[in-house]
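As a plain string of letters, each chain reads:
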2 protein chains.
Amino acid sequence: MSVPLSDYLQGCRAEIESMLATVLPSPPDCFPPLADAMQYSLLAGGKRLRPILCLASAEAVGGDRTLARPAACAIELIHTYSLVHDDLPAMDDDTMRRGRPTLHVVAGEGMAILAGDGLLTEAFGVLAREPASSDPMVVARKLRVIGVVSGAAGVAGMVGGQAIDLAAVGTSAAAASRLDTPEALQAMHARKTGALIRAAAVAGAIMGGGPEDAIEAVDAAATEFGLAFQIVDDILDVEGASEDLGKTAGKDAAAGKPTYPALYGIDRSRQLAVECLDRAEAALGRVSLGGTRLLEIGRWIITRTN
Amino acid sequence: MSVPLSDYLQGCRAEIESMLATVLPSPPDCFPPLADAMQYSLLAGGKRLRPILCLASAEAVGGDRTLARPAACAIELIHTYSLVHDDLPAMDDDTMRRGRPTLHVVAGEGMAILAGDGLLTEAFGVLAREPASSDPMVVARKLRVIGVVSGAAGVAGMVGGQAIDLAAVGTSAAAASRLDTPEALQAMHARKTGALIRAAAVAGAIMGGGPEDAIEAVDAAATEFGLAFQIVDDILDVEGASEDLGKTAGKDAAAGKPTYPALYGIDRSRQLAVECLDRAEAALGRVSLGGTRLLEIGRWIITRTN
């Protein structure tokens, strides 16, 4: 806890960027236009919230964060694939992401679909291969993490949340109304955004060798972080300028998409995010993890401006 | 070897269909339209070549085929996702598959993309969870299989092959000419079709507990099967009627796609497929697996009519 959070985040990011730059198969193993397409989306920056949370969770439970680094990178590959597919014309039809034209705009829809498929598939390759070890304990942790990550990214998690969102938006007022209660909105976001954030933290805690009660507490805290993240995201979509966000601002509201500010107003939405953080603090405190970087990361999530 | 091959195939298929029918998360864990979309494609029939090869490989190396059943099903999930995504308008733009309208025709492009993503992700969930066992040997085999399958399905395998195919077709004569040599055509198919067929056999041999030399022989034989499968596929595309194939016949030729009959003629193409089988027989014979079901399955591949 000696260095300021900003330095800690920077250190994590450097570690992650370095591994991300080399983790995918490159030519001649990978067809060059496909490699370019994946790199374009993967190395476009981004907050790297999920991999940072993964590394910090491994440390929070007393583990070595290098053991969690492959899982951190794999989860960022999955997050990136989800952005690429969500931006497609048949989905959210977005043309800007992380301050640049979206992948299908620059590489075509077919190549964007394949780049997403490739990022997702390679993520599981990374989880299976790394860290390379025949130690049965590490092998068992890796397999458990693959189960956690596939569950979070799959149809009961992220893909399912996106399907619910897709079905509710843009077709009719009746369909949109399916998401206009707080419970329905929260359930959709818990899948679409929350599940992978949770999986990132849990994967870190597992790879770091945390005891079961610590893994559960990290899961509970990350569940709150995920919700807080989404609330702040909705607030930023209302308040932010496109150039700060790196994506089209005000798009959700314009699409008639239900948002926290629309349901609760800005002030109450902010208060809800703070309450998430309070619950996360309580969960971590019960297993004496309240003094770890995790809570600082939670604070960063609710005070971020992009 | 007491029952005829057709009965053996039927037994394998029954086992696979039964597991496929229950392997995916269902409502309320899965959003009903998404569950419907995945089931529509998954349970539409198909030859189930890959899972059959997986089960037969486990038995060929002396193992219990029930240990390989989850891997067999996971690979069929991956094969099905690849068909769903390949059929999309931005890719091959096909409207018929397995005798029915393609998924994007009945469920929309967005839902088809998500159903494919879901099938791929859940495949890794199945590989991680099943067979449920804390036996370190089984755990290690499962993790190895995840590595093999992700490699075969990823950018150095199936996704890469599809990207090469996508880039070569439909844009210009110059682009198409990239695939008009036998070597280039074979390299593309080795990725697009061959890699997952190999992975199915190798996964079976690993789960069945085969020794390394048997796993290698099964891999070598399955490599030949994959090539033979593609050659026969090209021949059927020229000769077959759409109703037998369950998909649009003559489409490859019409698209100016390079095919084995176009490069070699029908008779020489048939001969090439037989030569594949001869090489597979030699590879299996070297480790005394020549008398197993695998070779019979190879013969079925080259004599199939759909």
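Residues numbered from 1 in each chain as written. Chains lettered and ligands numbered in written order. Predicted model: local features only at pLDDT ≥ 70, side-chain atom pairs only at ≥ 80, totals over all residues. Heavy atoms only, no water.

1. Remarks on the overall build of chain A
Link 1 in the chain: Along chain A, the regular secondary structure elements total 16 helices and 2 strands.
Link 2 in the chain: The C-alpha radius of gyration of chain A comes to 19 Å, within 12% of the 19 Å expected for a compact globule of 306 residues.
Link 3 in the chain: With the C-alpha coordinates of chain A rotated into their principal frame, the extents come out at 55 × 50 × 35 Å.
Link 4 in the chain: For chain A, buried positions account for 58% of its 306 residues.
Link 5 in the chain: Looking at chain A as shown, the accessible area adds up to about 11,100 Å², and 53% of this sits on carbon and sulfur atoms.
Link 6 in the chain: Within chain A, one finds 27 positive and 38 negative side-chain charges whose respective centroids are separated by 2 Å. (Helix = DSSP H or I, 4+ residues; strand = E, 2+ residues; numbered from the N terminus. Rg over C-alpha atoms; globule rule 2.2 N^0.38 Å. Buried < 20%, exposed > 50% of the residue type's maximum accessible area, 1.4 Å probe, protein only. Areas by Shrake-Rupley, 256 points an atom, 1.4 Å probe, with all protein chains shown as cover. Lys, Arg positive; Asp, Glu negative; His and termini not counted. Charge placed at Lys NZ, Arg CZ, Asp CG, Glu CD.)

2. A short note on helix α6 (residues 109-129) of chain A
Link 1 in the chain: In a regular helix each residue adds 1.5 Å, so 21 residues correspond to 30 Å; α6 of chain A covers 30 Å between its end C-alpha atoms and thus fits that length.
Link 2 in the chain: Within α6 of chain A, 19 of the 21 residues are buried, which leaves the element mostly enclosed by the surrounding structure. (Expected span 1.5 Å × (residues − 1).)

3. Quick notes on the environment of P70 of chain A
Link 1 in the chain: With respect to the helices and strands, P70 of chain A occurs in helix α4 (residues 65-86).
Link 2 in the chain: With residues up to four places along the chain from it excluded, the contact list for P70 of chain A reads M19, V126, E130 and P131 of chain A. (Contact = heavy atoms within 4.5 Å.)

4. What about the confidence of the model for chain A?
Link 1 in the chain: Across chain A, the average pLDDT comes to 91, with 92% of residues at 70 or higher.
Link 2 in the chain: The complex model carries a pTM of 0.95, and its ipTM stands at 0.95. (pLDDT = per-residue confidence, 0-100.)

5. Looking at helix α1 (residues 5-23) of chain B
Given 3.6 residues to a turn, an α-helix orients residues that are three or four positions apart in the same direction.
Residue and element names in this part refer to chain B.
Link 1 in the chain: Along its 19 residues, α1 runs 26 Å from first to last C-alpha, staying within 8% of the 27 Å computed at 1.5 Å per residue.
Link 2 in the chain: The set of residues buried in α1 consists of L5, Y8, L9, C12, R13, E15, I16, M19, L20 and V23. Projection of α1 onto a plane perpendicular to its axis shows the buried side chains occupying an angular sector of 165°, all on one side.
Link 3 in the chain: Looking at the buried positions of α1, the neighbouring elements they touch are α2 (32-42), α3 (49-60), α4 (65-86), α6 (109-129) and α16 (293-303). (Arc of directions from axis to C-beta.)

6. Digging into the interface of chain A and chain B
Many structure descriptions define interface size as the accessible area lost when the parts assemble.
Link 1 in the chain: The interface is formed by 44 residues belonging to chain A together with 44 residues belonging to chain B.
Link 2 in the chain: Summing the contributions of chain A and of chain B, the shared interface buries around 3,600 Å²; its carbon and sulfur component is 79%.
Link 3 in the chain: Interface area lost by chain A to chain B is led by F31, L143 and V155 of chain A, which between them contribute 18%.
Link 4 in the chain: Where chain A meets chain B, there are 0 salt bridges.
Link 5 in the chain: The element that contributes the greatest number of residues to the side of chain A that touches chain B is α6 of chain A, accounting for 13 residues. (Buried area = accessible area lost by both parts, 1.4 Å probe. Salt bridge = Lys/Arg side-chain N within 4 Å of Asp/Glu carboxyl O.)

7. What about the side chain of S57 of chain B?
Link 1 in the chain: Along the chain, S57 of chain B turns up in helix α3.
Link 2 in the chain: With residues up to four places along the chain from it excluded, the contact list for S57 of chain B reads A201, G204, A205, V218 and L294 of chain B.

8. Structural notes on the packing of aromatic side chains
Residues and elements named next belong to chain B.
Link 1 in the chain: Across all of its chains, the model carries 3 aromatic pairs over all chains by this definition.
Link 2 in the chain: Between Y260 and Y264, the aromatic rings sit 6.2 Å apart at their centres with planes inclined by 10°, giving stacked as the arrangement. With Y260 and Y264 both in helix α14 (residues 260-264), this residue pair falls 4 residues apart, about one helical turn.
Link 3 in the chain: Looking at Y260, the relative accessible area reads 3%, which means it is buried. (Phe/Tyr/Trp six-rings, centres within 6.5 Å; stacked < 30°, edge-to-face > 60°.)

9. Observations regarding the packing of α1 of chain B against α16 of chain B
All names here are of chain B.
Link 1 in the chain: In contact at an axis separation of 11 Å, α1 and α16 are set at 95° when each is read in the N-to-C sense. Between α1 and α16, the angle falls in the class roughly perpendicular. Across the interface between the two elements, L5, Y8, L9 and R13 of α1 pack against R293, E296, I297 and W300 of α16.
Link 2 in the chain: Partitioning the contact of α1 with α16 into residue classes produces 5 nonpolar, no polar and 3 charged. (Axes fitted to C-alpha atoms, helices over the stretch in contact; angles between N-to-C directions. Parallel < 35°, antiparallel > 145°, perpendicular 65-115°, else oblique. Nonpolar A, V, L, I, M, F, W, Y, C, P; charged D, E, K, R; others polar.)

10. Considering the environment of I215 of chain A
Link 1 in the chain: You can see I215 of chain A is positioned in helix α11 (residues 212-239).
Link 2 in the chain: Assessed through its relative accessible area of 6%, I215 of chain A is described here as buried.

11. Thoughts on the relation of the copies chain A and chain B
Link 1 in the chain: The two copies are related by a screw operation: chain A maps onto chain B through 180° of rotation and 0.0 Å of translation along the axis, at an RMSD of 0.0 Å. Both chain copies can therefore be described as sitting about a two-fold axis.
Link 2 in the chain: By residue overlap, the copies meet face to face through one surface: 100% of the interface positions of chain A are interface positions in chain B. (Least-squares fit on C-alpha atoms with pLDDT ≥ 70 in both.)

12. A word on the nonpolar core
Link 1 in the chain: Of all hydrophobic cores here, the largest spans 206 residues; its most connected members are L34, I78 and I297 of chain A together with L34, I78 and I297 of chain B.
Link 2 in the chain: In this view, L34 of chain B contacts V155, V159, G160 and A163 of chain A together with M111, L114 and A115 of chain B; residues no more than four positions away in its chain are not counted. (Core = buried A, V, L, I, M, F, W, Y, C linked by side-chain atoms within 4.5 Å.)

13. Describing the state of the cysteines
Link 1 in the chain: Counted according to the given criterion, the structure contains 0 disulfides over all chains.
Link 2 in the chain: Free cysteine C54 of chain B: the closest other cysteine sulfur is in C73 of chain B, separated by 8.9 Å. (Disulfide = S-S within 2.5 Å.)

14. So, the pattern of salt bridges
Link 1 in the chain: Scanning the model with the defined rule gives 30 salt bridges over all chains in all.
Link 2 in the chain: One salt bridge in this structure joins R65 of chain B and E59 of chain B, with 3.6 Å as the shortest N-O distance.
Link 3 in the chain: Look at R65 of chain B and you get buried, because its relative accessible area is 16%.
Link 4 in the chain: Of the residues examined, E59 of chain B reaches a relative accessible area of 32% and is grouped as partly exposed.
Link 5 in the chain: What you see here is one network of salt bridges that share partners, running through E15, E59, R65 and R69 of chain A.

15. Digging into unusual backbone geometry
Link 1 in the chain: Residue P28 of chain A follows P27 of chain A across a cis peptide bond; omega there is 5°.
Link 2 in the chain: Mapped onto the fold, P28 of chain A is located in the loop between α1 (5-23) and α2 (32-42).
Link 3 in the chain: Backbone geometry places R98 of chain A, a non-glycine residue, at a positive phi of 50°.
Link 4 in the chain: Among the residues examined, R98 of chain A registers a relative accessible area of 18% and is labelled buried.
Link 5 in the chain: With a phi angle near 60°, R48 of chain B is a residue other than glycine that sits in the positive phi range.
Link 6 in the chain: Turning to its location among the elements, R48 of chain B is positioned in the loop between α2 and α3.
Link 7 in the chain: Given a relative accessible area of 1%, R48 of chain B falls into the buried group.

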